[in-house]
Amino acid sequence: DAEAALGLSRAGAALYFRAPEELEQLLVPGICSALGSAFAGVYPGDGKPRGEIETFISGRGHVTGWHTDFQHNFTIQLRGSKTWRFKRGPVEHNIRALTPHYNSRSNYEQQMKLHLMSDPLSPAYKPPDAFFADAEEVTVTAGSVLYHPAGMWHHVECTSDNSVSINVSLTCATWADLVGDAIRQLLWASPALRAPVVGIAGELQRARRAAEAALCEARRRASALTADDLLPPAMVEADRPPRRVNVATSRLGANVAVRPADRFRFSRLAVIVQLPQGRRAASHEASSSSSCGSDDEADFDRELDGGSSTHQATGETEPRGRPVGAGARRLYALHVNFGNEDVASWLRLRLVVSQPFLAAMEWLRNRHLAVRRMEEAWASSRGAAPSLGFFAARELLNAATPRASDGAVVAKEGRRAAARWTRVARLLRVLCHCGYLQKLRAAGPNGPQKGARRAVAKRRAAASDRRRRDGPEARLRRQRRQ
């Protein structure tokens, strides 16, 4: 209410309110991008910027007492002047603020429980006044920009009439957010950990045995997580990944060399969902939760009917001259890391897959499900799961090759082998870049499995040497020599 705000300001009140959303959409993503925050600058799912802009209007003599913030702050002084005083705070990268100037009971309790967990050596809600005696002082005037990190004690006094400033507050995602969601997603895969906690009232020992079993299962699953699972290349690009990727024309992952003998595995945090087709399905998707990142119906139909891709076309054609990617299409959604309460994905892309790629895509999805089933079967038997998820690029190439029934067809297919391999390699590059697949690093000239076998053989040989050196016969020989 602009009229009410103007009346309050004329009466001498200090005003504090959110800036227009248009300004937040302009400044918050830009600053996050300049800081190199990549995916951490937006919320999972809806992709909204992780920050806000507050507007402060105050008069001479207005004071905001000592407190800390949990955001990183960029203050822009638009009119008038203010004097800031700073003192290093007790907690680095604090989760919540300390606001003695706003000391409600619920506010105090929430802040203190997190503060005591973060810094048990500094239990005070506010240090004594003597602590701030040597605080640094900065005066800002119109046109000044001031940055102060999260966790800094600061005190602000307005030193002019009609001071106006805006504060850009950033709350980028933390490593705890990213890793915590990933581990939770892995735990959801366990039937034992999905089970509700019931039947433990009054049964302390039984409850603790169940909790210990749950912890063992959680440690086993969390230990399989890798940095490659957490951070596919698409998540750490300077520019935000595209919402839609046409596999036939995309240049994603173009710098990755792919050979038929190369081996790949499936990410532990990624799934691919085939989306329903047709206008009714598109309408249903457009009305779904924003956490899925849905687009409108027109975009859906454009993609399936051969609309433009978000990436530059390659100019490639099929052997008969038809552009790569022409013809019937299917739409898939790729999700990475969605282990949060809203089931919102940290990375979500829509993949437009044309007819020549469909056989390879379906083979990958079926292979992924088979791997998951085998891993769960091994887990239920309490055994160590073998390396079930590996496959060679040539296996995918074979799956994408039509089965020939006579020599004439084989010859015809032979002329198309190069084009087919180009498509398979492109699909592998795109899916590696987007986090569904990971190319395995070679463990030696004979590949990862033989490298692993050599490592096992070395360990066995070392164990045999120890037995010969420390076994009964060795001890007897030493006794004879003595």
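Residues numbered from 1 in each chain as written. Predicted model: local features only at pLDDT ≥ 70, side-chain atom pairs only at ≥ 80, totals over all residues. Heavy atoms only, no water.

Structural notes on the sheet that holds strand E15 (residues 391–392)
Right, so step 1: The strand order E15-E11-E16 describes an open sheet built from three strands, whose pairing is antiparallel. Pairing within the sheet leaves two strands with one partner each, and these edge strands are E15 and strand E16 (437–439).
Right, so step 2: Here strand E11 (residues 263–266) pairs with E16 via three bridges, running antiparallel. Looking at E16, one finds that Arg265 is bridged to Gln438.
Right, so step 3: Contacts from helix H10 (residues 355–380) reach E11, E15 and E16 within the one sheet, and its direction differs from that of E11 by about 65°.
Right, so step 4: Its contacts with the sheet put helix H13 (residues 417–434) on E11, E15 and E16, and the angle it makes with E16 is roughly 105°. (Pairing = 2+ DSSP bridges. Helix = DSSP H or I, 4+ residues; strand = E, 2+ residues; numbered from the N terminus. Contact = heavy atoms within 4.5 Å. Axes fitted to C-alpha atoms, helices over the stretch in contact; angles between N-to-C directions.)

A short note on the environment of Gln274
Right, so step 1: Mapping Gln274 onto the fold places it in strand E12 (residues 270–274).
Right, so step 2: For the pair Gln274 and Leu351, spaced 77 residues apart in sequence, the C-alpha to C-alpha distance is 9.3 Å.
Right, so step 3: If we skip the residues at most four places from it in the chain, Gln274 touches Arg330, Leu331, Tyr332, Glu362 and Arg365.

A word on the pairing of strand E13 (residues 329–336)
Right, so step 1: In terms of burial, E13 is largely enclosed, as seven of its eight residues are buried.
Right, so step 2: Summarising the sheet, E12 and E13 pair through five bridges and their orientation is antiparallel. Bridging across to E13, Gln274 finds its partner in Tyr332. (Buried < 20%, exposed > 50% of the residue type's maximum accessible area, 1.4 Å probe, protein only.)

Points about the side chain of Asn94
Right, so step 1: Topologically, Asn94 is positioned in the loop between strand E5 (82–87) and helix H3 (105–118).
Right, so step 2: A polar side-chain atom of Asn94 sits 3.1 Å from the main-chain carbonyl oxygen of Asp69.
Right, so step 3: Separated by 3.1 Å, the side chain of Asn94 and the backbone oxygen of Arg96 make a polar contact.
Right, so step 4: Contact partners of Asn94, with chain neighbours within four places excluded, come to Thr68, Asp69, Phe70, Ala150 and Gly151. (Polar contact = N/O pair within 3.5 Å; in protein donor to acceptor, adjacent residues only side chain to side chain.)

A few points about the environment of Arg423
Right, so step 1: Examined against the element boundaries, Arg423 turns out to sit in helix H13.
Right, so step 2: Taking relative accessible area as the criterion, Arg423 reaches 15% and is therefore assigned buried.
Right, so step 3: In this structure, the C-alpha to C-alpha distance between Arg423 and Val247, residues 176 residues apart in sequence, is 9.0 Å.

Regarding the nonpolar core
Right, so step 1: By size, the foremost hydrophobic cluster in this structure holds 50 residues, and its most contacted members are Leu351, Leu428 and Leu437.
Right, so step 2: Elements that contribute at least two residues to this core include exactly helix H4 (175–188), E11, E12, E13, strand E14 (347–354), H10, helix H11 (393–399) and H13.
Right, so step 3: At nine residues, H13 tops the list of elements feeding residues into this core.
Right, so step 4: Those residues in contact with Leu428 that sit more than four places away from it in its chain are Val258, Phe264, Phe391, Ala393, Leu396 and Leu437.
Right, so step 5: Counting nine residues, the second-largest nonpolar core is a separate cluster that includes Ile31, Ile53, Phe74 and Leu170. (Core = buried A, V, L, I, M, F, W, Y, C linked by side-chain atoms within 4.5 Å.)

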